[in-house]
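What follows is each chain in one-letter form.
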Amino acid sequence: MSSADQPPTEHSSDSVEPGLSTSLAERYSNVMGRFVHGVELAAATVFAGLFAIGVVDLILQIFGAVQSGSITDPLVVIGFIDTGLLLLIIVEVYQTVLAYVEENDTRRIVQLVIYTGVIAMVRKVIIFRTSEYPTLEDAVFAAGSYAIIIFALVGLLFAERVYGNGSTLLSD
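Definitions and cut-offs
Residues numbered from 1 in each chain as written. Predicted model: local features only at pLDDT ≥ 70, side-chain atom pairs only at ≥ 80, totals over all residues. Heavy atoms only, no water. Helix = DSSP H or I, 4+ residues; strand = E, 2+ residues; numbered from the N terminus. Buried < 20%, exposed > 50% of the residue type's maximum accessible area, 1.4 Å probe, protein only. Contact = heavy atoms within 4.5 Å. Areas by Shrake-Rupley, 256 points an atom, 1.4 Å probe, with all protein chains shown as cover. Patch = residues over 30% accessible without salt bridge, like charges linked within 9 Å, V, L, I, M, F, W, Y side chains within 5 Å. Salt bridge = Lys/Arg side-chain N within 4 Å of Asp/Glu carboxyl O. Core = buried A, V, L, I, M, F, W, Y, C linked by side-chain atoms within 4.5 Å. Expected span 1.5 Å × (residues − 1). Polar contact = N/O pair within 3.5 Å; in protein donor to acceptor, adjacent residues only side chain to side chain.

**Brief notes about the overall build of the protein**
In terms of regular secondary structure, the protein is built from 4 helices and 0 strands. Secondary structure of the protein in N-to-C order comes out as α-α-α-α. When the 172 residues of the protein are sorted by exposure, 19% land in the buried category. For the protein, contacts bridging at least 24 residues in sequence account for 65% of all contacts bridging at least 6. Split by element, the accessible area of the protein, about 12000 Å² in all, is 68% carbon and sulfur.

This is the structure:
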């Protein structure tokens, strides 16, 4: 019997054990990948549901304001805008989750995160009221913080637009 016809021994470097552990690791990785994918889809479903509930709630708020006559109150209208912007944030988070699920490129995900931040900060600025702060200094500090964050987000958006096209990504 030649050496090619003999089954591998326990001490052979061609043992079944490394192939088995690699196969087990690959199977485990595949199962975990499917699990994470399922959780991502569940998160996307939750955000889609939250968006639908929010739209219905906004419509009910508007109808209620029309019936009560408070639709002309600027604070009520600002409340509608606040709710609408919150719904846009939910949509952006939903799209970010979908980008992960669909395994889009990193640039797309970064864009979605920046857009979400911009919408969130615009929302904060629109609903900003100095009367919500105990002192004028606290209000000025908050306003300054919002301004810094907005300028940083605009800078990120600008950098992504200008330098994002030609750069190589880690995922490439």
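The discussion continues.
**A closer look at a nonpolar patch on the surface**
On the surface, Tyr28, Val31, Met32, Phe35, Val36 and Val39 cluster together into a nonpolar patch covering about 560 Å² of accessible area. On the secondary structure map, Val36 appears in helix α1 (residues 16-68). Accessibility expressed as a relative area gives 42% for Val36, which makes it partly exposed.

**Quick word on the nonpolar core**
Counting 5 residues, the largest nonpolar core consists of Leu58, Ala65, Phe80, Leu87 and Ile90. Elements that contribute at least two residues to this core include exactly α1 and α2 (74-101). In terms of residue count, α2 provides more of this core than any other element does, 3 residues in total. Discounting residues that sit within four places of it in the chain, Leu87 has contacts with Phe51, Gly54, Val55 and Leu58.

**Some points on the environment of Ala42**
You can see Ala42 is positioned in helix α1. Sequence spacing of Ala42 and Val97 is 55 residues, and the spatial spacing of their C-alpha atoms is 9.8 Å.

**What to know about α2**
With 28 residues, α2 extends 40 Å between its outermost C-alpha atoms, agreeing within 8% with the 40 Å of an ideal straight helix rising 1.5 Å per residue. Residues Phe80, Asp82, Thr83, Leu85, Leu87, Ile89, Ile90, Glu92, Thr96, Val97, Ala99 and Val101 constitute the buried set of α2. One side-chain oxygen at the N-terminal end of α2 lies 3.2 Å from the backbone nitrogen of Leu75; it belongs to Asp73. Looking at the residues trailing α2, positive phi occurs at Glu103, about 55°.

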